[in-house]
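# Observations on the model geometry
Take a look at the letters that make up each chain.
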Amino acid sequence: RTGTDPTPDVFFRFTGRGEEKAEVSAADYSDLSVGEKAGVGYDQDHWSFWSAPYDFADTGAPVVSPNPRPYFQFKVDFLPRDEDGGELTYLELRASEPVATSLVGEVWPVESEVGQVRVFSFVVKPTILTGDGFDRLEIRSLALLGQVRGVRIGGEDILPVDVEVSEPHRFVVRLPRLGPLQSGATVAVDFDAQVLRYGTTFDARVWDSDRLLEVPQPVNPGDATAEFEGNRVSVTTSAREQSLLQVSVDTEVVTPNGDGVNDSAILVYEILEITGTALVRVDVWDLSGRRVRQLHKGRDGIGRYPVSWDGRDDSQNLLPPGVYP
């Protein structure tokens, strides 16, 4: 969690008028008698709540709590089994000077049909009082990200759209450098996305490409533009009752005879709305109900997974032409 003052606690004393309380400093609170102390609360105005647990990789994990802020707290929970113990032997934190004084962003629309491709807009409003600013914008999401359709700064289209990185769950856009002179000018990015789970978030970060070793600065959710009413970076799904699994096949009839026509098939399955992973098996059956090939068995999370079949059985024998459900 992050904060703007040294402690996430607020301290109260009884005023002597019934149950009325008044806020006092930590030092004054410690000097009060037991009967004068009115309790300790959480400073929601200046501190964020604890984040969800981090899944650390070899390259680390970005801090998701609001920033830039001068105070940062972390906690480590040990969950021993039986008589096992645990210890923390090494922890490294990396921080950089912010490229913007503040960054507020929001996405629109904030509701979408699950599994359907539609166009989203992500708007960032930067406040840049000093420094060189930034020239890169990254958006990450568990949604499937598609084509970046447009970029606007201060309402003006930036052409051509310069996409530096394009991946299924991440893209990076090159921007004309935004510095103090562009402070307050909104940056809007229009892109295709396929939301696969209720509450999917679009997380944005910016950085200065000239500062190669610096930590990117995240965009905090908020009111970036009066054009949108969501003031958030998460999207709900309107079809909660929709199946958790969607399957499509590029051909219903497979004729693996080597003529180059329907010799193989591609099956695509999409997993929606789950958290974590689920056991998935992809099998091919003939019309008599006999399993002829297992194409996949494993644990998958939400996403889109293509699986190809070459018309052979588990023993690598070519099967006769036919319909294989």
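Calculation notes
Residues numbered from 1 in each chain as written. Predicted model: local features only at pLDDT ≥ 70, side-chain atom pairs only at ≥ 80, totals over all residues. Heavy atoms only, no water. Pairing = 2+ DSSP bridges. Helix = DSSP H or I, 4+ residues; strand = E, 2+ residues; numbered from the N terminus. Axes fitted to C-alpha atoms, helices over the stretch in contact; angles between N-to-C directions. Phe/Tyr/Trp six-rings, centres within 6.5 Å; stacked < 30°, edge-to-face > 60°. Buried < 20%, exposed > 50% of the residue type's maximum accessible area, 1.4 Å probe, protein only. Core = buried A, V, L, I, M, F, W, Y, C linked by side-chain atoms within 4.5 Å. Contact = heavy atoms within 4.5 Å. Patch = residues over 30% accessible without salt bridge, like charges linked within 9 Å, V, L, I, M, F, W, Y side chains within 5 Å. Areas by Shrake-Rupley, 256 points an atom, 1.4 Å probe, with all protein chains shown as cover. Salt bridge = Lys/Arg side-chain N within 4 Å of Asp/Glu carboxyl O. 1 Å grid on protein atoms, 1.4 Å probe; cavity = no way out; pocket = protein on both sides within 12 Å on 5 of 7 lines; lining within 4 Å. Points joined across faces, edges and corners; volume = space filled by probe spheres on them. Nonpolar A, V, L, I, M, F, W, Y, C, P; charged D, E, K, R; others polar. Polar contact = N/O pair within 3.5 Å; in protein donor to acceptor, adjacent residues only side chain to side chain.

## Let's talk about the sheet that holds strand β4 (residues 37–42)
Spatial strand order, β3-β2-β4: three strands in an open sheet with antiparallel pairing. The open sheet terminates on both sides in strands that have one partner only, identified here as β3 (21–24) and β4. Ignoring strand direction, the axes of neighbouring strands in this sheet form an average angle of 35°. Across five bridges, strand β2 (residues 9–14) lies against β4 in antiparallel orientation. Bridge pairing in β4 links Val 10 to Gly 41.

## A closer look at the packing of aromatic side chains
Under the counting rule described, the total for this entry stands at nine aromatic pairs. Ring geometry for Trp 108 against Phe 228: centres 5.6 Å apart, planes inclined by 10°, an arrangement best described as stacked. You can see Trp 108 sitting in strand β6 (residues 102–108) and its partner Phe 228 sitting in the loop between β17 (220–221) and β18 (234–237), a full 120 residues away along the chain. Of the residues examined, Trp 108 reaches a relative accessible area of 34% and is grouped as partly exposed. In textbook terms, an aromatic cluster arises when at least three aromatic residues are bridged by ring pairs, as seen for Phe 120, Phe 171, Phe 191 and Phe 202.

## Some remarks on the nonpolar core
In this structure, Phe 122, Phe 134, Leu 137, Phe 171, Leu 175, Phe 191 and Phe 202 are the most contacted members of the largest nonpolar core, which totals 31 residues. Secondary-structure elements contributing two or more residues to this core are β6, β8 (117–127), β9 (134–141), β10 (144–153), β13 (170–178), β14 (187–194) and β15 (200–207). Not counting the four nearest positions on each side in its chain, Phe 122 is found in contact with Gly 105, Glu 106, Val 107, Ile 139, Val 187, Ala 188, Val 189, Phe 191, Phe 202, Ala 204, Val 219 and Val 233. Counting 12 residues, the second largest nonpolar core, distinct from the first, contains Leu 272, Ile 274, Ile 302 and Val 307.

## A look at the sheet that holds β17
Spatially, six strands are ordered β11-β10-β14-β8-β6-β17 in an open sheet, and the strand pairing comes out mixed. Each having just a single partner strand, β11 (156–157) and β17 make up the two edges of the open sheet. Note: β10 against β11, two bridges, orientation antiparallel. Counted as the bridge partner of Arg 152 is Asp 157 from β11.

## Thoughts on the side chain of Arg 205
Its place among the elements puts Arg 205 in strand β15. Among residues more than four places away in sequence, those in contact with Arg 205 are Pro 62, Arg 136, Leu 137, Glu 138, Arg 140, Pro 216, Gln 217, Pro 218 and Val 219.

## A few points about a nonpolar patch on the surface
On the surface, Tyr 54, Phe 56, Val 63, Val 64, Phe 72, Phe 74, Val 76, Phe 78, Leu 88, Leu 91 and Leu 93 cluster together into a nonpolar patch covering about 1,000 Å² of accessible area. Note on placement: Val 64 falls in the loop between β4 and β5 (71–72). On the accessibility criterion, Val 64 (61% relative accessible area) is exposed.

## Let's talk about the environment of Leu 212
Within the element layout of this structure, Leu 212 appears in the loop between β15 and β16 (217–218). Since its relative accessible area comes to 75%, Leu 212 is described here as exposed. Separated by 64 residues in the primary sequence, Leu 212 and Val 148 have C-alpha atoms spaced 24 Å apart.

## Observations regarding the layout of surface pockets
For the largest pocket, the calculated volume is near 1,700 Å³. For the largest pocket, the lining is made up of 50 residues, of which Tyr 54, Ala 61, Pro 62, Val 63 and Leu 93 are closest to its centre. Secondary-structure elements contributing two or more residues to the lining of the largest pocket are β5, β15 and β16. Grouping the amino acids of the lining of the largest pocket by side-chain chemistry returns 28 nonpolar, nine polar and 13 charged. If you add up the space inside the second largest pocket, you get close to 1,300 Å³. Every residue lining the second largest pocket is counted, 33 residues in all, and those nearest its centre are Pro 62, Val 64, Leu 142, Thr 201 and Asp 203. Of all elements in the fold, only β9, β15 and β17 reach the threshold of two or more residues within the lining of the second largest pocket. A total of six residues in the lining of the second largest pocket trace back to one element, the largest contributor, which is β15. A breakdown of the residues in the lining of the second largest pocket according to their chemical character gives 15 nonpolar, 10 polar and eight charged.

## Comments concerning the environment of Thr 277
As for its position among the elements, Thr 277 is in the loop between β21 (265–271) and β22 (278–285). By relative accessible area, which is 43% here, Thr 277 ends up partly exposed. Residues Thr 277 and Ile 302 lie 25 residues apart in sequence; the distance between their C-alpha atoms is 7.4 Å. Each residue touching Thr 277, except ones within four places of it in the same chain, is listed here: Arg 299, Asp 300 and Gly 301. A polar atom in the side chain of Thr 277 sits 3.1 Å from the side chain of Arg 299.

Scope: geometric values only; no functional claims are made or implied.
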